[in-house]
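Residues per chain are reported as follows:
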Amino acid sequence: MGFTVEQECPQCGAPIELDETDHLLKCPYCNVQNFLFAPNYFRFVLPHKASGKNIIYAPYLRFKGNAYYCQGRTIGHRVVDITRVGLQFKGIPVSLGLRPQALKMKFITPDTEGEFLKFTLKAADILAKAAKLSSGSSSDRIFHRAYIGETLSLIYFPMYVEKNRLFDAVLNRPMINIPEDQDVFQSAIKKNPAWKLKFMATLCPKCGWNLEGERDSVVLTCGNCETVWEASKGGFVPVSFTAVPGEGDNTVYMPFWRTSVTGKGLEINSFADFIRITNQPRVVGKEWENEKMSFWSPAFKIRPKIFLKLSKMLTISQRHFDTEEMIPKKNLYPVTLPRAEAVQAMKLTLASSTLNKKKILPLLPQVGFDVLDSGLVYLPFTDTGHEMVQQQMRVSINKNTLEFGRKL
Ligand SMILES: [Zn+2]
Ligand SMILES: [Zn+2]
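Here the structure is a predicted model, which means the values were calculated and not measured. (Residues numbered from 1 in each chain as written. Chains lettered and ligands numbered in written order. Predicted model: local features only at pLDDT ≥ 70, side-chain atom pairs only at ≥ 80, totals over all residues.)

1. Describing the overall build of the chain
Definition in use: Helix and strand assignments follow DSSP, with helices taken as H or I runs no shorter than four residues and strands as E runs no shorter than two, numbered in order from the N terminus. For the exposure call, what matters is how many other C-beta atoms sit within 10 Å of a residue's own: 20 or more marks it buried, 12 or fewer exposed, and in between partly exposed, using C-beta atoms placed from the backbone. We call two residues in contact whenever the C-beta atoms placed from their backbones are within 7 Å.
Within the chain one finds eight helices and 23 strands. With the C-alpha coordinates of the chain rotated into their principal frame, the extents come out at 75 × 55 × 35 Å. Within the chain, the fraction of its 408 residues that count as buried is 38%. Here the contacts in the chain between residues at least 6 apart in sequence split such that 69% fall between residues at least 24 apart.

The following block contains the structure:
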């Protein structure tokens, strides 16, 4: 289950409730739409019930999504849904448990009063432990781990010190005694962190039209000048895209990331190299020697098995669709998987594509990719009621797996 966030509309001040995965804030009162942006990840606080106290916040890593791993000769996955403490301090709860579900979180803003303890543990270690992906837990070595998430954020848990005791400021209950004459937290405190949450007016930077998207969209589209945008520190930046025209009224356009790369550690400088390295039972076409290697991945959240299957199928086929640089006028499926996560998925796709897993998987730790370019491709699917069938390749997606992808 996801968490709820309470945020005031920056325009009219009305209280709005969001899901933790939401990026688009649509105010039901004044109709103004804003895109929420923070560099790297969102930071939330749990509300405290200790007014007048000097609040100290402890950081927790929040992750909900899938942990993928390449181990032995297999590619596996596991659902991870955690809030784990991000520093070493005995007596602080290791997990926030159900607290964030029972309370409504708020975004941290420069106005949030209190002191913030530093996140000192390694996020990757916390995730590996939570997903039980520490090496040594099984006889087979883990060659690669990837975390492809619904949400990755930091939640800050309020506490205060009174009479040498550390209190949980949500419940106003003592947690542990702390030594007298010793300021245990002082060395690790950030006083006035400049963490900002940015509200971006969703106006097309090119034509001024209102950008469109769903609550959990990570890119927005302009139906007027046919452009696609993603948020960055400095504002909206254009995303390159193409679309494959579909046929029939029941067409839904599903977005995919296509990322062109060169490989390091494994010489993958062309599609022909990829076919040879992964040992595909295909005759290498001469023209493939000059063709850039592109990895494909769904740009939407979907069950891990289908995610891997679609990525692998589109990557191996490297099909040349007849594309147009236009935004389909209707039935555009939202982009809910950020570009950075498609980049994370490339090693998984390489691993799942290769027929020679025994030889290739142990090489994964040394493999890296330089991204040459990346963009979206909208592929047409026919909605048959319970399935989505890709019109050129005839592959189908069960619609239940899409609903699952958006709610997990
Ligand atoms: Zn409003
Ligand atoms: Zn526009």
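2. Some details on the sheet that holds strand β17 (residues 235-238)
To be explicit about the condition: When DSSP finds two or more bridges between a pair of strands, those strands are recorded as paired. Working convention: axes come from line fits to C-alpha atoms, limited for helices to the stretch in contact. Angles between N-to-C directions cover 0 to 180 degrees.
Read across the sheet, three strands follow the order β15-β16-β17 without closing on themselves; strand pairing throughout is antiparallel. Whereas interior strands pair on both sides, the edge strands pair on one side only; in this sheet they are β15 (219-222) and β17. Pairs of neighbouring strands in the sheet enclose a mean axial angle of 40°, with direction left out of account.

3. Describing the domain arrangement of the chain
Heads up, the condition is: Each domain's extent is set by a domain assignment, obtained either automatically or from a database. Each residue is assigned to one class: nonpolar for Ala, Val, Leu, Ile, Met, Phe, Trp, Tyr, Cys and Pro, charged for Asp, Glu, Lys and Arg, and polar for all the others, Gly among them.
Splitting the chain by domain gives domain 1 (4-198) and domain 2 (240-407). The straight-line distance from the C-alpha centre of domain 1 to that of domain 2 is 32 Å. Among the secondary structure elements, those contributing two or more residues to the side of domain 1 that touches domain 2 are β6 (56-71), β7 (74-85) and β10 (142-162). No other element matches the five residues that β10 contributes to the side of domain 1 that touches domain 2. Tallied by class, residues from the side of domain 1 that touches domain 2 come to six nonpolar, three polar and two charged.

4. What to know about the sheet that holds strand β3 (residues 24-26)
Spatial strand order, β3-β4-β14: three strands in an open sheet with antiparallel pairing. Whereas interior strands pair on both sides, the edge strands pair on one side only; in this sheet they are β3 and β14 (198-201). Direction aside, the axes of adjacent strands within the sheet are offset by 35° on average. One ladder, built from three bridges, connects β3 with strand β4 (residues 33-37); its direction is antiparallel. Within β4, the position partnered with L24 by the bridge is F35.

5. Some remarks on the pairing of strand β11 (residues 165-168)
With four bridges connecting them, β10 and β11 associate as antiparallel partners. Bridge pairing in β11 links Y160 to F167. Taken together, β10 and the strand that follows it, β11, pair antiparallel across an intervening segment of two residues, in which K163 is found at a positive phi of about 45°. One ladder, built from four bridges, connects β11 with strand β12 (residues 173-177); its direction is antiparallel. Looking at the pairing, D168 lines up with R173 of β12.

6. Considerations on the confidence of the model for the chain
Any residue range with low pLDDT should be treated as having predicted coordinates unsuitable for detailed reading. Convention followed: Per residue, pLDDT measures the predictor's confidence, with a range of 0 to 100.
Within the chain, residue pLDDT values average 90, and 95% of them lie at 70 or more. Helix α8 (residues 399-407) is the least confidently modelled element of the chain, averaging 69 in pLDDT, while strand β20 (residues 293-298) averages 97, the highest of any element.

7. Considering helix α4 (residues 304-317)
Using the following cut-off: Take the number of residues in a helix, subtract one, and multiply by 1.5 Å to get its expected span.
In this model, α4 (14 residues) spans 20 Å end to end at C-alpha, consistent with the 20 Å of a helix rising 1.5 Å per residue. Taken as a whole, α4 has its buried residues at P304, F307, L308, L310, S311, K312, L314 and T315. Looking at the buried positions of α4, the neighbouring elements they touch are β6, β7, β19 (251-264), β20 and α6 (346-353). Following α4 by one or two positions, Q318 adopts a phi angle in the positive range, close to 45°.

8. Focus: α6
Burial analysis of α6 places eight of its eight residues in the buried class, the great majority of the element. Taken as a whole, α6 has its buried residues at M346, K347, L348, T349, L350, A351, S352 and S353.

9. A look at the pairing of β19
The side chains of a regular strand alternate between both faces of the sheet. With 14 bridges connecting them, β19 and strand β21 (residues 368-383) associate as antiparallel partners. Pairing of R258 across the sheet is with G375, part of β21.

10. What to know about the nonpolar core
Put simply, the rule is: Take the buried Ala, Val, Leu, Ile, Met, Phe, Trp, Tyr and Cys residues, join any whose C-beta atoms are within 7 Å, and the set you get is a nonpolar core.
F44, Y57, I155, Y156, F157, F256 and L376 are the most contacted members of the largest nonpolar core, which totals 101 residues. Considering every element that reaches this core, the biggest residue donor is β6, with ten residues.

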